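The lines below spell out each chain.
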Amino acid sequence: MDVSLETHQSYIGQPASALPTPALVISKPVLESNVKKLHEDIDTLGIGFRPHVKTLKSIETTRIMLANGRYKKIVASTLCEIRGCLPLVKEGILDECLYGLPIRPSVLADLDKFTSQYGLKIVLMVDHSDHIRILEEFNTRTGRTTPWPVFIKVDVGTKRAGIQNSSSRLDEVIQSANESEGVSIHGFYCHAGHSYASKSTEDAVKVLNDEINGVLIAAKKLIDPKTELVLSIGATPTAHVVSNLKASLPKNTQLELHAGNFPANDLQQVATGLVSLSDQAVRVVAEVCSVYPERNEALINAGVLALTKETSSFAGLARWTDGIDWSIVRVSQEHGIFGWVGDDAKREKVEEKFKIGQKVLLYTQHACITSAMFHAFYVVDKQDIVRETWVPWKGW
Ligand SMILES: Cc1ncc(COP(=O)(O)O)c(C=O)c1O
């Protein structure tokens, strides 16, 4: 059993450097400021907002992302995440959840129960006409009479879920959904995962425009002034530039932004050029186990299970917060190796920077996956003193 699960609350009041290592540290002031910025952009634009709960998978983060009920919709990628959010439904803070993977038969009974037993409206994602048939069969078999609200997923270049606008399969899915009594079209959804390759505001604004055009072209295939449609766009890099949005939309459509990583940020987000190192709310604290002057490297007790193998244009798998040119250059399961990746001319000596037993804080490449490795989150204030602990939802 992870030691944090048993002892996390005993660290309240202690500095991050006193935590059992490796541990995940969240700066609440940074997280709150990241969320506030996006809320301000959304409110200025007057558009809808649907945070994804998968990044920090916790009730506390979800509450902050929903501004305690000012926004009431989420997207989740697992049943476990939805179960974790049910107390917020009871409190009246949350009323709608998109299950964010294309639907499959085995999850429908649970999703149906979230509505019938807990009053949470569930919206589904479809991108194949078989999805419509599966939903109709479920309704016939179980006697469900309410059509399932569905987003039709449009692929704007990420090549994950969704159908491209140029494919005749999109027309097919729209037509089957439109004619089906088992579903009602809630809107069109795209998720620009490929926006992570952006290197500047201009790049990200271009992807943002591709997203808008992607859902608009799809929606126009259906446009019937009587049907209210939600057009949902986003990913954290495009959310970071959403204030640049200029789009004229048909009257019967409502624009909504979705994003998940934005409260945390990480090296992948910093690599887009849209946020800075100090906008990262998530860090991992680890400990130096040995130092090797002959190869100018040090070994820490955070390997792939604490850091992941995600990468970005920041070379390596994590960076030292006190010296950004010290990178985790190799990992095995529980070992990480610090190496110098900066200018040769400025090369620092490992033995002058690191000592056995020293606590080191690391920025990680992808906060969502790194956070999923930890059983408790240590939430610190501006001085890095632990003020709260959050226990994330685990499993699927
Ligand atoms: C369907 C869906 N919507 C929204 C998001 C949020 O994306 P991001 O974490 O880039 O903000 C994701 C992330 O994978 C997703 O899968």
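Above this text you will find the structure in question.
Thresholds applied
Residues numbered from 1 in each chain as written. Predicted model: local features only at pLDDT ≥ 70, side-chain atom pairs only at ≥ 80, totals over all residues. Heavy atoms only, no water. Near = heavy atom within 4 Å. Polar contact = N/O pair within 3.5 Å; in protein donor to acceptor, adjacent residues only side chain to side chain. Areas by Shrake-Rupley, 256 points an atom, 1.4 Å probe, with all protein chains shown as cover. Nonpolar A, V, L, I, M, F, W, Y, C, P; charged D, E, K, R; others polar. Helix = DSSP H or I, 4+ residues; strand = E, 2+ residues; numbered from the N terminus. Buried < 20%, exposed > 50% of the residue type's maximum accessible area, 1.4 Å probe, protein only. Contact = heavy atoms within 4.5 Å. Axes fitted to C-alpha atoms, helices over the stretch in contact; angles between N-to-C directions. Left-handed = near helix turned anticlockwise from the far one by under 90°. Parallel < 35°, antiparallel > 145°, perpendicular 65-115°, else oblique. Lys, Arg positive; Asp, Glu negative; His and termini not counted. Salt bridge = Lys/Arg side-chain N within 4 Å of Asp/Glu carboxyl O. Phe/Tyr/Trp six-rings, centres within 6.5 Å; stacked < 30°, edge-to-face > 60°.

(A) Representation of the site of the ligand in the model. Taken together, the neighbourhood of the ligand is formed by 13 residues, with Arg160, Tyr189, Tyr196, Thr236 and Gly260 sitting nearest. Residue threonine 236 places a side-chain N or O atom 2.6 Å away from an oxygen atom belonging to the ligand. When the ligand sits alone it has 390 Å² of accessible area, and the protein chains cover 93% of it. The class makeup of the residues in the shell around the ligand is four nonpolar, seven polar and two charged.

(B) Representation of the environment of arginine 144 in the model. Here arginine 144 shows up in the loop between helix 6 (129-142) and strand 6 (148-153). What makes arginine 144 buried here is its relative accessible area of 14%. As a C-alpha pair, arginine 144 and aspartate 112 span 32 residues in sequence and 8.6 Å in three-dimensional space. Leave out the neighbours within four places in its chain, and arginine 144 touches Asp112, Phe138, Asn139 and Pro149. There is a polar contact of 2.7 Å between the side chain of arginine 144 and the side chain of aspartate 112.

(C) Quick peek at the packing of helix 5 (residues 108-118) against helix 6. The geometry of helix 5 relative to helix 6 is characterised by a closest axis approach of 11 Å and an angle of 65 degrees between their N-to-C directions. Where helix 5 crosses over helix 6, the handedness of that crossing is right-handed. Between helix 5, through Leu108, Ala109 and Asp112, and helix 6, the contact on the second element is made entirely by Ile134, Leu135 and Phe138. Residue composition of the contact of helix 5 with helix 6, grouped by class: five nonpolar, no polar and one charged.

(D) Fine view of the packing of helix 4 (residues 79-90) against helix 5. For the pair helix 4 and helix 5, the least separation of the axes is 11 Å and the interaxial angle reads 5 degrees. In this view, helix 4 runs roughly parallel relative to helix 5, as classed from their interaxial angle. Residues Leu79, Ile82, Arg83, Leu86 and Val89 of helix 4 pack against Asp110, Leu111, Phe114 and Tyr118 of helix 5. Taken together, the residues of the contact of helix 4 with helix 5 sort by class into seven nonpolar, no polar and two charged.

(E) Representation of the side chain of aspartate 155. You can see aspartate 155 is positioned in the loop between strand 6 and helix 7 (168-179). Summary of buried charges: aspartate 155 has no salt-bridge partner, and the nearest side chain of opposite charge, lysine 159, is 6.9 Å away. Here the side chain of aspartate 155 touches threonine 158 through a polar contact of 3.0 Å, landing on its backbone nitrogen. The contact partners of aspartate 155, leaving out residues within four places of it in the chain, are Ala161, Gly162, Ile163 and Gln164.

(F) Structural detail: the environment of aspartate 130. Mapped onto the elements, aspartate 130 comes out in helix 6. Remark: the alpha-carbon pair of aspartate 130 and valine 304, spanning 174 residues in sequence, is separated by 38 Å.

(G) Structural view of the packing of aromatic side chains. This model, assessed by the stated rule, comprises 10 aromatic pairs. Relative to phenylalanine 354, the ring of tryptophan 320 lies with its centre 4.5 Å away and its plane at 45 degrees, an arrangement referred to as tilted. Of this pair, tryptophan 320 sits in strand 12 (residues 318-320) while phenylalanine 354 is found in the loop between helix 12 (350-353) and strand 15 (359-364), placing the two residues 34 residues apart along the sequence. The burial state of tryptophan 320 is the same as that of phenylalanine 354; both residues are buried. Here the aromatic rings of tryptophan 326 and phenylalanine 354 are separated by 5.2 Å at their centres, their planes lie at 90 degrees, and the arrangement is edge-to-face.

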